[in-house]
Protein chains: 2
Amino acid sequence: MSAETITRTETDARTRILTAAARLFAARGLGGVGLREITAEAGVNLAAVNYHFGSKEGLLEALFAQRAKPICEERLRLLALCRAARGRPPMLEQVLDAFLRPAFSLGLEAGVDGATFGKLRARLSVESEELYRRILSRAFDDSTRQFLDAVTAALPDLPSAEVAWRFHFMLGTMIYTMANSGRIQSVTEGALDPSDPDAILARLIPFLTAGFRAPA
Amino acid sequence: MSAETITRTETDARTRILTAAARLFAARGLGGVGLREITAEAGVNLAAVNYHFGSKEGLLEALFAQRAKPICEERLRLLALCRAARGRPPMLEQVLDAFLRPAFSLGLEAGVDGATFGKLRARLSVESEELYRRILSRAFDDSTRQFLDAVTAALPDLPSAEVAWRFHFMLGTMIYTMANSGRIQSVTEGALDPSDPDAILARLIPFLTAGFRAPA
DNA sequence: GTCTATACAGTGATAGAC
DNA sequence: GTCTATCACTGTATAGAC
């Protein structure tokens, strides 16, 4: 009932709130930005957030669902390509690339670049509170589970529990790199610059494939 | 000027605040707990936190410095053992174990177990705000840099920039596992239980050593 | 239905009395 | 040193205008 009657010249309040929230959350974190600032930037009344999204966390959930969608779709598209052109390079490399590449390169529509969304995603990923787990699960579990299956299939000799552990370790490298906390720059005194997706993947894929193929 | 005159029968306010904050922060996160609850549990006045620690974040910094100390000390003790008994098992395995084991098993004094402190540490580790970076740097950089050097020495054929990247990836696996967000349980429907330090290390070390030894 | 103004209970921080 | 009182601010809820 909302798709028919729209012949808008400007974006509606809901979209403007989402855009402003994406920029501000990503830039300064969840706690670092208040609703008054978001609504001011979006040009709406303070109460509009609670009207449209129920709560600040409801807004976060909507934002996440929106941003995760293109990432998951691109993942599945690349996974289908893996299955079509199997063999060379080895399947494991192809599958890991299909999983990781969209996470590092996508998410940049509506004026918020992928890196800042990655930071937001990383923050949620280390949270154990039930609400945040649910948001991440809804957004990514389907896609993630398909890739866990694909990796398991690519490593037929490895016990599936072992594959799951290593997949978990891979998620850690991905999340921590997306977080781009600046910690590795601090330790290495600025030698690394984790911002170019291609450069990251060129380092990460060989590391991970070797780890996945380690003897159990 | 504070170490001389103490002949206390009870712990002082500062310590009681730290203990209460450690428990509550770890259990419910930074934003999830207010100063009024901390001070109530510690049996002190609300203003005592700002008097003793300057701010809520000052309290966090003090808490972190206190907890990080035994971890770093144990790390360096184990690193010294590596150098004494070199050769078997291979140096890389020894060094990684020395780095990771204290992070997973220690931190449990003063009534807060290591796992909950690990969660708190993980949350800070993906934060890019300057303040949190500083807290982590002060607490861990010295120790971390020594281990980066030790790993570099154990991999003489690998360019040092490559070692730094892989070290960064290792930090990701460590932080994400410490966070224990429950995400891998969600994807695998509960097959994994990342709580026993020995079990984690038995999975993690082979994965990481294979990754570190991958051809550049 | 959508939006606004306003009020409310909570937070961390702080000045100043004791 | 410690405490009280208060400040500016937060997210949320609601009554009512269009």
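Our subject is the structure listed above.
Reading the values: the criteria
Residues numbered from 1 in each chain as written. Chains lettered and ligands numbered in written order. Predicted model: local features only at pLDDT ≥ 70, side-chain atom pairs only at ≥ 80, totals over all residues. Heavy atoms only, no water. Helix = DSSP H or I, 4+ residues; strand = E, 2+ residues; numbered from the N terminus. Buried < 20%, exposed > 50% of the residue type's maximum accessible area, 1.4 Å probe, protein only. Contact = heavy atoms within 4.5 Å. Areas by Shrake-Rupley, 256 points an atom, 1.4 Å probe, with all protein chains shown as cover. Least-squares fit on C-alpha atoms with pLDDT ≥ 70 in both. Near = heavy atom within 4 Å. Polar contact = N/O pair within 3.5 Å; in protein donor to acceptor, adjacent residues only side chain to side chain. Nonpolar A, V, L, I, M, F, W, Y, C, P; charged D, E, K, R; others polar. Buried area = accessible area lost by both parts, 1.4 Å probe. Salt bridge = Lys/Arg side-chain N within 4 Å of Asp/Glu carboxyl O. Disulfide = S-S within 2.5 Å. Axes fitted to C-alpha atoms, helices over the stretch in contact; angles between N-to-C directions. Parallel < 35°, antiparallel > 145°, perpendicular 65-115°, else oblique. Left-handed = near helix turned anticlockwise from the far one by under 90°.

Enquirer: Please clarify how the overall build of chain A should be interpreted in this entry.
Expert: Each helix and strand counted, chain A has 10 helices and zero strands in total. Going from the N terminus to the C terminus, chain A shows its helices and strands as α-α-α-α-α-α-α-α-α-α. Per-residue burial for chain A yields a buried fraction of 51% across its 216 residues. Expressed as a percentage of contacts within chain A between residues at least 6 apart in sequence, the contacts between residues at least 24 apart total 72%. Summed over all atoms, the accessible surface of chain A reaches about 9800 Å², with 53% contributed by carbon and sulfur.

Enquirer: How do you make sense of the relation of the copies chain B and chain A when you look at a structure like this?
Expert: The relation between the two chain copies is a rotation about an axis coupled with a shift along that axis. Overlay of chain B on chain A (RMSD 0.1 Å): rotation 180°, translation along the axis 0.0 Å. The transformation relating the two chain copies, once decomposed into turn and shift, fits a two-fold axis.

Enquirer: Looking at this model, I keep getting lost on the protein's contact with DNA strand C. Mind explaining?
Expert: Taken together, 14 residues sit near DNA strand C, with N45 and H52 of chain A together with G34, L35 and R36 of chain B positioned nearest. For DNA strand C, the fraction of atoms within 4 Å of the protein that belong to sugar or phosphate moieties is 52%. Interatomic distance of 3.3 Å between a side-chain N/O atom of Y51 of chain A and a phosphate oxygen of DNA strand C. Take N50 of chain B: an N or O atom from its side chain is 3.3 Å from a phosphate oxygen of DNA strand C. Of all the secondary structure elements, the ones that give two or more residues to the surface near DNA strand C are α3 (48–53) of chain A together with α2 (35–42) and α3 (47–53) of chain B. Per-class residue counts for the surface near DNA strand C are seven nonpolar, five polar and two charged.

Enquirer: It is not clear to me how the interface of chain B and chain A should be interpreted in this structure. Could you clarify?
Expert: When the parts come together, some accessible area is lost, and that loss is often what is quoted as the size of the interface. On the chain A side, the residues contacting the 52 residues of chain B number 52 residues. Roughly 5000 Å² is buried in total at the junction of chain B and chain A, and carbon and sulfur atoms are behind 64% of that figure. Joining chain B to chain A, the criterion identifies six salt bridges. R203 of chain A serves as the salt-bridge partner of E162 of chain B, at 2.4 Å between the closest nitrogen and oxygen. Scanning the region where chain B abuts chain A turns up 22 residue pairs in polar contact (both at pLDDT 80 or more). If you list the elements that add at least two residues to the side of chain B that touches chain A, you get α6 (114–125), α7 (130–154), α8 (160–179), α9 (183–188) and α10 (197–212) of chain B. Split by residue class, the side of chain B that touches chain A holds 25 nonpolar, 14 polar and 13 charged.

Enquirer: I would appreciate a short explanation of the protein's contact with DNA strand D in the present structure.
Expert: Close to DNA strand D lie 13 residues, the nearest being G34, L35, R36 and K56 of chain A together with N45 of chain B. Counting only atoms of DNA strand D within 4 Å of the protein, the sugar-phosphate share comes to 51%. Within the backbone of L35 of chain A, one N or O atom sits 2.6 Å away from a phosphate oxygen of DNA strand D. R36 of chain A has a polar side-chain atom sitting 2.9 Å from a base nitrogen of DNA strand D. Contributions of two or more residues to the surface near DNA strand D are made by α2 (35–42) of chain A together with α3 of chain B. If you tally residues by element for the surface near DNA strand D, the top one is α3 of chain B, at three residues. Looking at the surface near DNA strand D residue by residue, the classes come out as six nonpolar, five polar and two charged.

Enquirer: Quick question: what am I supposed to make of the environment of T19 of chain B here?
Expert: All names here are of chain B. Relative to the elements of secondary structure, T19 occurs in helix α1 (residues 13–28). Residue T19 is classed as partly exposed on the basis of its relative accessible area, which comes to 32%. For T19 and A42, which are 23 residues apart along the polypeptide, the C-alpha to C-alpha distance reads 7.8 Å.

Enquirer: Looking at this structure, I do not really get the state of the cysteines. What am I missing?
Expert: Two cysteines form a disulfide when their sulfur atoms are joined by a covalent bond. One pass over the structure, following the stated rule, counts zero disulfides over all chains. Not part of a disulfide, C82 of chain A finds its nearest cysteine sulfur in C72 of chain A, a span of 15 Å.

Enquirer: Looking at this structure, how should I read the side chain of D141 of chain B?
Expert: The residue D141 of chain B is located in helix α7 in this model. In this structure D141 of chain B comes out as buried when scored by relative accessible area, which is 8%. When residues no more than four places from it in sequence are discounted, the contact partners of D141 of chain B are R183, S186 and V187 of chain A together with L136 of chain B.

Enquirer: Explanation requested: the packing of helix α5 (residues 91–105) of chain B against α10 of chain B in the structure shown.
Expert: Each pair of packed helices gets described by two things: the angle between the helix axes and the distance between those axes. All names here are of chain B. Contact geometry for α5 and α10: axes closest at 10 Å, N-to-C directions at 140°. On the basis of their axis angle, the class for α5 and α10 is oblique. The two elements α5 and α10 cross, and the hand of that crossing is right-handed. Taking contact as the criterion, the partners of L92, E93, L96, D97, L100, R101, F104 and S105 in α5 are, on α10, P197, D198, I200, L201, L204, I205, L208, T209 and F212. Here the residues of the contact of α5 with α10 sort into 11 nonpolar, two polar and four charged.

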